[in-house]
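The primary structure of each chain is shown beneath.
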Amino acid sequence: MSGTESKIFQTKDFRTDTLKLYEDILNSGSCLRVKVTGKSMSPFLRGEEILTIKKVPYTSLNRGDLIFFKNGQGYPVLHRIIKKKQDMDDVITFQTKGDSLIAFDEPIKNNKILGKVCKIEDGSKYINMETKMWSRINYMAAVISLLESRLYFALKAFKNLF
């Protein structure tokens, strides 16, 4: 796993049968509660928060949502949806990225999505991510993250011209 990808678990200790268990829990309609261990979503998630994740129809996912998915190597990742694109065949692809990362993840197809974060708990705070206010905040966070990355890569390309 590259250093630019985040993880919700320490992947060297993560087992395939554990991920399968998580998938089974989510596919049964139950919620999954997990502790954040990575730092790629900082400052929004600093680590140690407890997330409640639930399975939702992929068509209901929007820019800004935090999703739990399997990356191309089969590891679980929790990142923000930056873009949602539907092609001419009605196939939806999601572009995701960690808030503290510059690079985008590889595009995610709906069959790799395990669930969506619906609650965040951190001792002193409780966030219901499904309220209109948090939907708007997350949308703005996604737009800002996208603009930061585009600006970074544009400046890098400009610098390489000289």
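Residues numbered from 1 in each chain as written. Predicted model: local features only at pLDDT ≥ 70, side-chain atom pairs only at ≥ 80, totals over all residues. Heavy atoms only, no water.

Student: So what about unusual backbone geometry? Which residues, and what values?
Tutor: For the peptide bond that leads from Ser42 to Pro43, omega is 10 degrees, which places it in the cis range. Phi is positive for Glu48, which is not a glycine, with a value near 85 degrees. Looking at where Glu48 falls in the secondary structure, it is placed in the loop between strand S1 (32-35) and strand S2 (50-54). At Asp90, a position not held by glycine, the phi torsion is positive, near 65 degrees. Here Asp90 lies in the loop between strand S4 (76-86) and strand S5 (92-97). (Helix = DSSP H or I, 4+ residues; strand = E, 2+ residues; numbered from the N terminus.)

Student: Explain the packing of aromatic side chains to me, using residue names and the numbers behind them.
Tutor: According to the stated counting rule, one finds two aromatic pairs in the structure shown. Plain terms: the ring middles of Tyr152 and Phe153 are 5.1 Å apart, the flat faces sit at 80 degrees to each other, and that makes the pair edge-to-face. Positioned over the ring face of Phe44 is Arg80, at 5.2 Å from the centre of the ring. (Phe/Tyr/Trp six-rings, centres within 6.5 Å; stacked < 30°, edge-to-face > 60°. Lys NZ or Arg CZ within 6 Å of the ring centre and 35° of its normal.)

Student: Hey, could you go over a positive patch on the surface for me, with residue numbers and the actual values?
Tutor: Among the surface-exposed residues, Lys83, Lys85, Lys109 and Arg150 lie close enough to one another that they form a single positively charged patch. Position of Lys83 relative to the elements: it lies in strand S4. Lys83 gets classed as partly exposed once you look at its relative accessible area, which sits at 32%. (Patch = residues over 30% accessible without salt bridge, like charges linked within 9 Å, V, L, I, M, F, W, Y side chains within 5 Å. Areas by Shrake-Rupley, 256 points an atom, 1.4 Å probe, with all protein chains shown as cover. Salt bridge = Lys/Arg side-chain N within 4 Å of Asp/Glu carboxyl O. Lys, Arg positive; Asp, Glu negative; His and termini not counted. Charge placed at Lys NZ, Arg CZ, Asp CG, Glu CD. Buried < 20%, exposed > 50% of the residue type's maximum accessible area, 1.4 Å probe, protein only.)

Student: Got a sec to walk through the pattern of salt bridges? Specific residues and values, please.
Tutor: Considering all chains together, one arrives at seven salt bridges under this definition. A salt bridge links Glu48 to Lys35; its shortest N-O distance comes to 3.4 Å. Placement of the pair is Glu48 in the loop between S1 and S2 and Lys35 in strand S1, with a sequence separation of 13 residues. On the basis of relative accessibility, which here comes to 52%, the residue Glu48 falls in the exposed class. A salt bridge links Arg80 to Asp99, with the shortest nitrogen-to-oxygen separation between them at 2.8 Å. Residue Arg80 is found in strand S4, and its partner Asp99 is found in the loop between S5 and strand S6 (108-109); the two are separated by 19 residues along the sequence. For Arg80, a relative accessible area of 1% gives the class buried. A relative accessible area of 15% means that Asp99 is categorised as buried.

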